[in-house]
Amino acid sequence: MHWNSVGEFFAMGGYALYVWGSFGACVLLMVVEPLLAKRRLNEVRQSLRRERLADELDHQSGTS
Amino acid sequence: MGDHGRFKGCIGVSQSLIQWFRYASPQSFYPLAGRMIPWFWAAAAVFGVAGLWISFFVAPTDAQQGEGYRIIFVHVPASWMSMFIYLVMAFWAALGLALNTRVSGMMAQALAPTGALMAALSLWTGAFWGKPMWGAWWVWDARLTSELILFFLYLGFMALQAAIDDPRRADKAGAILALVGVVNIPIIYFSVKWWNTLHQGSTINLTKAPSMAQTMLWGMLLMALAFWMYSIAVALTRVRAIILERERHTEWVKHALE
Amino acid sequence: MKALLATVRRDILLALRRKSEVLTAVFFFVIVTSLFPLGIGPEPVLLKKIAPGILWVAALLSTLLGLPRLFAADHLDGTLEQMALSPSPLGLLVAGKIVAHWLLCGLPLVLLAPVLGLQFDLDASALGILTLALLLGTPLLSLIGAIGAALTLGVRGGGVLLALLVLPLYIPALIFGAGAVEAHIAGLDVGGHLSLLAAMLALAAFFAPWATTAALRVALE
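Here the structure is a predicted model, which means the values were calculated and not measured. (Residues numbered from 1 in each chain as written. Chains lettered and ligands numbered in written order. Predicted model: local features only at pLDDT ≥ 70, side-chain atom pairs only at ≥ 80, totals over all residues.)

Caption draft 1: Seen up close, the interface of chain C and chain B. Tallying the contact residues gives 22 residues for chain C and 24 residues for chain B. Breaking the side of chain C that touches chain B down by element, the ones donating at least two residues are helix H7 (124-151), helix H8 (158-185) and helix H9 (191-220) of chain C. With 10 residues, H8(C) is the largest single contributor of residues to the side of chain C that touches chain B. Classifying every residue of the side of chain C that touches chain B by side-chain character gives 18 nonpolar, two polar and two charged. (Contact = placed C-beta atoms within 7 Å. Helix = DSSP H or I, 4+ residues; strand = E, 2+ residues; numbered from the N terminus. Nonpolar A, V, L, I, M, F, W, Y, C, P; charged D, E, K, R; others polar.)

Caption draft 2: Region of the structure containing helix H6 (residues 90-118) of chain C. For H6(C), spanning 29 residues, the distance from its first C-alpha to its last is 42 Å, which sits close to the expected 42 Å at 1.5 Å a residue. A bend of about 40° at C:Leu112 is the largest found in H6(C), and the proline C:Pro114 appears one to four places after it. (Expected span 1.5 Å × (residues − 1). Bend = angle between axes of the 7 residues up to and from the residue.)

Caption draft 3: Up close: the nonpolar core. B:Met89, B:Ile176, C:Leu130, C:Ile144, C:Ala150, C:Tyr170 and C:Ala215 are the most contacted members of the largest nonpolar core, which has 172 residues in total. Ranked by residues supplied to this core, first place goes to helix H7 (residues 214-246) of chain B with 19 residues. Once residues within four sequence positions are removed from consideration, C:Ala150 is found in contact with C:Phe71, C:Thr212, C:Ala215, C:Leu216 and C:Ala219. (Core = buried A, V, L, I, M, F, W, Y, C linked by C-beta atoms within 7 Å. Buried ≥ 20, exposed ≤ 12 C-beta atoms within 10 Å, placed from the backbone.)

Caption draft 4: The arrangement of the interface of chain B and chain A in detail. On the side of chain A, 25 residues touch chain B, which itself brings 31 residues to the contact. Looking at the side of chain B that touches chain A, the elements that each hand over two or more residues are helix H3 (72-99), helix H4 (102-134), H7 and helix H8 (251-256) of chain B. In terms of residue count, the dominant contributor to the side of chain B that touches chain A is H4(B) (nine residues). Looking at side-chain class alone, the side of chain B that touches chain A contains 16 nonpolar, seven polar and eight charged residues.

Okay, structure coming up:
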């Protein structure tokens, strides 16, 4: 461990903007991308569920 | 007796082959992908934490580049993955063309956005590395330029697939484009390198950091593994969405949603 | 072979009946190259330095202009489907169409380039290298472009998409083509550039018609 303080760690020897800019962009995009993929999956599932529900309702009103 | 044993062995092999081909159908791949995703997330988290620990707390300060060199711990894995994902994408595309399996095309389609993201990250971090080291956000360095072109190739692939409505045609057209791209990538890389040396590019190289310590290599390797597991997890999530979108009118999809 | 020549003849005849399409691409080439000195300034030293790049980029763009029409007309009137069903292999007919495209869109650029090079104060030997490089490079552009034209056939937003697909693949041709002229101006040997261009041309001549045919079959399905 070669950091003497938390402040020194965040200062990154004067390269704070560049190091945190790079790591920050990676973390940000690698959080956003899975969320978007997950949302796409959930949206399809939602619409499929709704479709099935509509089918079932159709069915019920048809038989009764 | 010996013949009998061999016969049995044959059956065993063909049965395991059939087992594998079973997963080539969307119906059985969908739940399989669902079961695998958490494991890849866990692996990505473990490798990521270990990689970040090494890149910030174990790897020593570089003699020439100070702390700024720590950017390579995300830059190099992102560049590796952007190239690797294109190869994997082309592999799935070729498989889809050759065997006419539906999941292959969906896999290729699911991988492209992640590959483009990796290329974008590689460019972004390359710029953030270049500013303090070369004094400019963008330098026409051979690696950065090739990465930019790779990014364009991903965009072209995604745009082509998005423009074609019929998914089967989109898969096949995308597959041909991916294969053409794979043949061209080495040519492009070589030509950009040649161009760069002729025009006297920069002398500092991003990956050939002087005195690359063993710990730095480990950090890079662990981060690359984390990026790899991440890419698989995201691509599998996306491929599940694509499977449901395309198969929405089939009977099995109705039962797949409990 | 006969089928190939017949296709070339047919495409050229068709294009000559609608001259404006060919002429548009050629005029585009002339206008774009003439715009650069107006935008940058008439300083001969600078113009000479940027001439190879400008002429080559303009050549890439004007080749691109003719590409969407390579298969579109035949696709619309059903000729392409007839070609796919005809006894002669589709690959040969496609090769014929690519040759015709080069003769109509590539060759005029090669012939015009020395004249336009004069605008940029290039000397006679540099003009010769430029012409030679374009002679090797423009068929390469037609071959690669044909793959993109086949992939985007009948697709919405085809023209812009075609540019997005094809331009990155044109980069090696641009580098070696413009590089040859630059190297010559700098007094270096140009053999390497030209032989690499020729090697890429040979590779593309072998693979591109094949890939184009595959893409056309996908589009016709």
